[in-house]
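Remarks on the overall topology
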Amino acid sequence: MTVIQEQAVEIIRNMPDEKIYYVINILKGIDGLYPDKEEYGIEKSQAAYENLQRFRKPGITDRDYKAELAKAWEEKYEGAG
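Described below are features of the structure shown in this document. Residue positions are given per chain, counting from 1 as you read along its sequence in written order. Where totals are concerned, whole chains, interfaces and linings use all residues; where local detail is concerned, this predicted model gives features only for residues with pLDDT of at least 70, and gives and counts side-chain atom pairs only at 80 or more. Think of the side-chain values as coming from all heavy atoms in the structure, minus any hydrogens and water.

Before going further, it helps to spend a moment on the overall build of the protein chain. Put simply, DSSP H or I for four residues or longer makes a helix, DSSP E for two residues or longer makes a strand, and each gets a number counted from the N terminus. What the protein chain contains, in helices and strands, is four helices and zero strands. Buried, partly exposed and exposed residues are distinguished by accessible area as a fraction of the type maximum, computed with a 1.4 Å probe on protein chains only: under 20%, between the cut-offs, and over 50%, respectively. In the protein chain, buried positions account for 0% of the 81 residues. Counting only carbon and sulfur atoms, one obtains 57% of the accessible surface of the protein chain, whose full area is about 8400 Å². The accessible surface values rely on the Shrake-Rupley method and a 1.4 Å probe; as for residues, cover is taken only from the protein chains in view.

Here it is as structure tokens:
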């Protein structure tokens, strides 16, 4: 046990029971600030990726970009020539 842990234990030992209740609530809140490493590990990343994939829309794979460009040029500059 480190020195600071020993100091904390000593303070808690000298504290009346009605105050220990508040210390326990504070410690539970602090514990929530530092979640387990597994929660933020690969499992969490994988779950986030799968969640994003649900919202993905299928793309159009058969696009003729040259034809689309030619059409856009024609629409934009049809009166210029």
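Past the structure itself, the notes keep going.
Before going further, it helps to examine helix α4 (residues 65–77). The α-helix advances 3.6 residues per turn, and as a result positions three or four apart in sequence lie on the same side. Under the convention used throughout, the expected extent of a helix is 1.5 Å for every residue step, that is, one less than its residue count. End to end, α4 covers 18 Å across 13 residues, agreeing with the expected 18 Å (1.5 Å per residue, within 8%). Burial analysis of α4 places just zero of its 13 residues in the buried class, which makes it a mostly uncovered element.

Two rings belonging to Phe, Tyr or Trp (six-membered ring only in the last case) form a pair when the distance between their centres is within 6.5 Å. Interplanar angles under 30 degrees mark stacking, angles over 60 mark edge-to-face geometry, and anything in between is tilted. According to the stated counting rule, one finds two aromatic pairs in the structure shown. Ring geometry for Y21 versus Y22: centroids 5.5 Å apart, planes at 75°, classification edge-to-face. Residue Y21 is classed as exposed on the basis of its relative accessible area, which comes to 54%.

Further remarks concern the pattern of salt bridges. For salt bridges, the criterion is a side-chain nitrogen of Lys or Arg within 4 Å of an Asp or Glu carboxyl oxygen. By the definition in use, this model includes one salt bridge. Taking the shortest distance from any N to any O, the salt bridge between E68 and R63 comes out at 3.1 Å. Taking the relative accessible area as the measure of exposure, R63 reaches 41% and is therefore partly exposed.

Let's shift gears to a nonpolar patch on the surface. A patch consists of residues exposed above 30% relative accessible area that lack any salt bridge, with like charges linked at up to 9 Å and nonpolar side chains (Val, Leu, Ile, Met, Phe, Trp, Tyr) linked at up to 5 Å. A surface patch of nonpolar side chains, about 340 Å² in accessible area, is lined by I12, I26, L27 and I30. Counting residues per element, the nonpolar patch draws most heavily on helix α2 (residues 17–33), at three residues. Here I30 shows up in helix α2. Residue classification places I30 among the partly exposed positions, given a relative accessible area of 38%.

That is the geometry; function is a separate question.
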